Amino acid sequence: MMSDVEKQFVTEAISDVEKIRERLGSHGTFKLRVLLEMVVIELKNAQSFIATASQPDTPSEL
């Protein structure tokens, strides 16, 4: 199970990379823009994984 600190770290990392992309605009090379986009996608995948991993495997039965 992931901690709140790890969840916050991923959220902040996504925000930071998106800010870099915005500041870069069209000034960066195509490869750099694609690389930054891939980083954001992978971080969002990690965020989804963390959310899924934080949930119990099976619902508790009453």
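The structure displayed is predicted, hence computed values, not measured ones.

Novice: Quick question: what am I supposed to make of helix α1 (residues 4–24) here?
Specialist: In an α-helix there are 3.6 residues to a turn, and that puts residues three or four apart on one side. Its 21 residues place the ends of α1 30 Å apart at the C-alpha level, agreeing with the 30 Å of an ideal helix rising 1.5 Å per residue. Tucked inside the fold, the buried residues of α1 contact α2 (30–53). Looking at the residues trailing α1, positive phi occurs at Gly25, about 55°.

Novice: I would appreciate a short explanation of the pattern of salt bridges in the present structure.
Specialist: Opposite charge on two side chains permits pairing when their charged atoms draw close. Applying the stated criterion across every chain, the model contains 3 salt bridges. In this structure, Asp4 and Lys7 form a salt bridge, with 3.9 Å as the shortest nitrogen-oxygen distance. Separated by 3 residues within a single helix, Asp4 and Lys7 lie in helix α1, roughly one turn from each other. Asp4 sits in the exposed class, given a relative accessible area of 61%. Here Arg21 and Glu37 are joined by a salt bridge, their closest N and O atoms 2.9 Å apart. Of this pair, Arg21 sits in helix α1 while Glu37 is found in helix α2, placing the two residues 16 residues apart along the sequence.

Novice: Explain α2 here, please?
Specialist: Helix length check: α2 (24 residues) gives 34 Å between terminal C-alpha atoms against 34 Å at 1.5 Å per residue, within 8%. When we look at burial in α2, the residues that qualify are Leu36, Val40, Leu43 and Ile50. The secondary structure elements touched by the buried residues of α2 are α1.

Novice: What exactly am I supposed to notice about a nonpolar patch on the surface here?
Specialist: Nonpolar side chains collect at one region of the surface, where Phe30, Val34 and Met38 lie side by side and expose about 310 Å² of accessible area between them. Among the residues examined, Phe30 registers a relative accessible area of 59% and is labelled exposed.

Novice: Help me understand the environment of Lys44, please; the structure alone is not making it clear to me.
Specialist: Position of Lys44 among the secondary structure elements: in helix α2. Sequence separation between Lys44 and Ala13 is 31 residues; the distance between their C-alpha atoms is 9.7 Å.

What counts, and at which threshold
Residues numbered from 1 in each chain as written. Predicted model: local features only at pLDDT ≥ 70, side-chain atom pairs only at ≥ 80, totals over all residues. Heavy atoms only, no water. Helix = DSSP H or I, 4+ residues; strand = E, 2+ residues; numbered from the N terminus. Expected span 1.5 Å × (residues − 1). Contact = heavy atoms within 4.5 Å. Salt bridge = Lys/Arg side-chain N within 4 Å of Asp/Glu carboxyl O. Buried < 20%, exposed > 50% of the residue type's maximum accessible area, 1.4 Å probe, protein only. Patch = residues over 30% accessible without salt bridge, like charges linked within 9 Å, V, L, I, M, F, W, Y side chains within 5 Å. Areas by Shrake-Rupley, 256 points an atom, 1.4 Å probe, with all protein chains shown as cover.

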